[in-house]
Amino acid sequence: MQVLQGPEARAALTRSFNDVPVPDAVLARIHETFGEALTPTQVVERIIADVRDRGDDALRDWTERLDGHRPADLRVSEAEIAAATIDAGLHDAIRTAIHRVRAFYQQQPAHGFLHHGPDGALGQLVRPLGRVGVYVPGGLAPLISTLIHTAVPAQVAGVPELIVTTPPTRDGTVHPAILVAARELGITHVYRAGGAQAIAALAYGTPSVPSVDKIAGPGNLFVVIAKRLVYGQTGIESLPGPTETLVVADDSADPRFVAADLLAQAEHNGAEPVLVSTSPDLLNRVNAELDRQLTALPEPNQTWARDSIQARMKTVLAGDLQEAVDLANLYAPEHLCLLTRDPWTLLGQVQRAGGVFIGEHSMEALGDYVAGPSHVMPTGGTARFMSPVNVRDFQNIISVVGLNEDTLRRIGPAGATLARAEGLEAHARAIESRL
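Every chain is numbered independently, its residues counted from 1 as its sequence is written. Selection of residues for local features in this predicted model requires a pLDDT of at least 70, selection of side-chain atom pairs for listing and counting requires 80 or more, and totals for whole chains, interfaces and linings are taken over all residues. Heavy atoms throughout the structure, all of them, feed into the side-chain values; hydrogens and water do not.

A. A look at the packing of aromatic side chains. Paired rings are identified among Phe, Tyr and Trp, the last through its six-membered ring, by centres lying within 6.5 Å, and are further divided according to the angle between planes into stacked (under 30 degrees), edge-to-face (over 60) and tilted (the rest). Per the counting criterion, the structure on display carries two aromatic pairs. Ring plane angle 85° and centroid distance 4.8 Å describe the contact between F104 and Y105, whose orientation is recorded as edge-to-face. Note on classification: 1.4 Å probe, protein chains only; a residue is buried when its accessible area is under 20% of the maximum for its type, exposed when over 50%, partly exposed between these limits. By relative accessible area, which is 35% here, F104 ends up partly exposed.

Have a look at this one:
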């Protein structure tokens with residue numbers, strides 16, 4: 001276990017989104033698929049251009065090439081959604097998650113205002129987006145919670161139409177749990193498409209997939225690059241990529257819980273666990289717990305988590321809790337877990353994080369499912385300037401200006417003066433024509 005301190009720790013925790021390394025296995029897969037050495041960005045540019053030019057045909061081709069199935073019908077039929085069944089316990093858990101996420105976002109202030117005063121009227125109109133694309137990653141298991149944690153805030157915002165895209169399995173089906181969650185949410189537009197090709201379809205539209213006003217949801221490296229490249233054609237809520245958790249712990253923390261929280265994120269492909277502690281003894285005890293808990297995990301979870309721990313975990317010894325929180329703000333983690341003697345005293349010092357999880361009863365793993373706030377949070381250091389998915393992501397704010405004549409006469413000359421200072425004579429004359 002390498003323990004970082006001081007300037008070395010600050011250097012290790014200073015990053016930007018563009019610093020995320022591309023694993024050798026990904027580069028090898030690109031070469032195998034395309035027959036040449038390409039960067040992930042070059043791959044995504046080719047896919048987007050192809051879907052934009054050839055629509056459904058390209059979408060089917062790339063789905064077959066990358067996901068192993070060529071869908072005849074890109075859209076999942078409403079009959080298939082209605083017929084989907086799952087274990088009763090899982091169905092109840094889906095309902096619980098939907099209820100708690102909806103209850104949380106219904107508390108978010110999301111309305112405009114219109115103030116009528118002596119100057120006239122000034123205010124803001126708040127309007128929902130018309131159509132939003134929800135990207136649900138596929139892979140080895142259905143990410144049911146991602147659908148819930150993205151769609152529900154959009155619904156609370158008032159978005160009338162949600163379009164869901166998710167990679168099909170090799171037999172061409174969409175996991176029934178995803179379909180059941182969609183049904184519980186009242187979503188009827190579900191498409192068998194994933195990866196950069198799905199993002200391109202949502203951005204530009206195809207004969208089968210309608211274009212959307214904004215795309216929301218996390219994904220792998222190629223999905224995140226695709227979202228960045230289509231921004232401007234459509235909106236994006238953020239760039240949520242491989243997950244990360246930073247745990248701040250002092251000598252009061254239970255090493256079992258610290259290790260469990262780190263492993264809960266480490267089992268995601270490409271995850272980056274970070275531990276910052278003021279206690280050398282705790283660091284050693286957590287290291288021992290990680291080894292013990294790792295060996296108890298089943299496969300392939302053990303392999304995934306071990307890869308994250310060995311390849312990307314950072315362990316930092318801080319001089320005090322103030323330095324620990326300063327390092328957390330520097331890193332701007334997706335998830336910040338405070339496992340200290342009195343974690344609430346640190347909350348006011350937190351400046352940059354996707355979400356803060358306070359105390360041992362508020363583990364981040366619970367936040368992934370049923371705590372309430374969306375688990376779709378900014379990663380790769382983008383929490384410095386982006387926020388978790390929320391109601392405002394799915395609304396437009398429109399300024400309203402309705403001033404009266406007296407106000408125009410009082411403030412108009414100042415406006416005309418500023419216009420001429422900027423060399424915009426027509427602006428000045430438009431104001432003065434009313435004076």
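B. Just the sheet that holds strand β7 (residues 214–216), in detail. Only when DSSP finds a minimum of two bridges between them are two strands counted as paired. Put simply, DSSP H or I for four residues or longer makes a helix, DSSP E for two residues or longer makes a strand, and each gets a number counted from the N terminus. What the five strands build is an open sheet, ordered β6-β5-β4-β7-β8; its pairing is parallel. The sheet is open, and its two edges are formed by β6 (189–192) and β8 (235–236), each paired on a single side.

C. Highlighting the pattern of salt bridges. In the sections that follow, a salt bridge refers to a side-chain nitrogen of Lys or Arg positioned within 4 Å of a carboxyl oxygen of Asp or Glu. With the rule as written, the count across this model stands at 24 salt bridges. In this structure, the salt-bridge partner of R95 is E184, at a minimum N-O distance of 3.4 Å. Of this pair, R95 sits in helix α6 (residues 88–105) while E184 sits in helix α8 (residues 176–185), placing them 89 residues apart in sequence. A salt bridge links E237 to K227; the nearest nitrogen and oxygen atoms lie 2.7 Å apart. In this pair, E237 is assigned in the loop between β8 and β9 (244–249) and K227 in helix α10 (residues 221–230), connecting sequence segments ten residues apart. The pair E237 / K227 is uniform in exposure class, with both members buried. Salt bridges sharing partners connect three or more residues here, namely D50, R54, D61, E64 and R70.

D. Just the nonpolar core, in detail. Core analysis: the largest hydrophobic core is formed by 38 residues, its most contacted members being L147, I148, L162, I187, V190 and F394. Listing elements by their share of this core, those giving two or more residues are α6, β4 (131–135), α7 (144–157), β5 (161–166) and α8. Residue contacts are counted whenever heavy atoms from the two residues lie within 4.5 Å of one another. Non-local contacts of I148, meaning those with residues more than four positions away in its chain, are made with I94, A97, I98, V101, P153 and L185. V44, I47, A193 and A226 belong to the second largest nonpolar core, which has 30 residues in total. Residues enter a nonpolar core if they are buried and are Ala, Val, Leu, Ile, Met, Phe, Trp, Tyr or Cys, with the set joined through side-chain atoms within 4.5 Å.

E. Main features of the sheet that holds strand β2 (residues 113–117). Taken together, three strands build an open sheet; the order of strands is β2-β3-β14 and the sheet is antiparallel. Two strands in the sheet have a free side with no partner beyond their single neighbour: β2 and β14 (395–403). On average, each strand axis in the sheet is tilted by 15° relative to the strand beside it, whichever way the strands run. Relative to β14, strand β3 (residues 120–128) runs antiparallel, the two sharing nine bridges. Across the sheet, A121 pairs through a bridge with G402, a residue of β14. Angles here are taken between N-to-C directions and fall from 0 to 180 degrees, while the axes themselves are lines fitted to C-alpha atoms, restricted in helices to the stretch in contact.

F. Just helix α4 (residues 56–67), in detail. Taking 1.5 Å of rise per residue, twelve residues should cover 16 Å, and α4 covers 15 Å from first to last C-alpha, within 8% of that figure. The complete set of buried residues in α4 reads D56, A58, L59, R60, W62, T63 and D67. Each element contacted by the buried residues of α4 is listed here: α2 (24–34), α3 (40–54), β6 and α9 (195–204). Where α4 terminates, the next one or two residues include G68, which has phi positive at roughly 85°. To estimate how far a helix should extend, the number of its residues minus one is multiplied by 1.5 Å.

G. A look at the pairing of strand β11 (residues 314–317). Of the two faces of β11, both are covered, the one formed by K314 and V316 as well as the one formed by T315 and L317. As paired elements, strand β1 (residues 3–4) and β11 share two bridges and run parallel to each other. Bridged to L4 within β11 is V316. Relative to β11, strand β10 (residues 272–277) is paired through four bridges, and the arrangement is parallel. Pairing of L275 across the sheet is with T315, part of β11.

H. Up close: the packing of α6 against α8. Their axes nearest at 10 Å, the elements α6 and α8 cross at an angle of 45°. Put simply, α6 runs oblique to α8. The hand of the α6/α8 crossing is right-handed. Here L90, H91, I94, R95, I98 and R102 of α6 lie close against α8, whose contacting residues are A177, V180, A181, R183, E184 and L185. Note that Gly is not counted as nonpolar here; it falls among the polar residues with everything else outside the nonpolar set of Ala, Val, Leu, Ile, Met, Phe, Trp, Tyr, Cys and Pro and the charged set of Asp, Glu, Lys and Arg. By residue class, the composition of the contact of α6 with α8 is seven nonpolar, one polar and four charged. Throughout, the term roughly parallel applies to angles under 35 degrees, roughly antiparallel to angles over 145, roughly perpendicular to angles from 65 to 115, and oblique to all others. Here is the rule for handedness: rotate from the far helix to the near one, and if that takes an anticlockwise turn smaller than a right angle the crossing is left-handed, while a clockwise turn gives right-handed.

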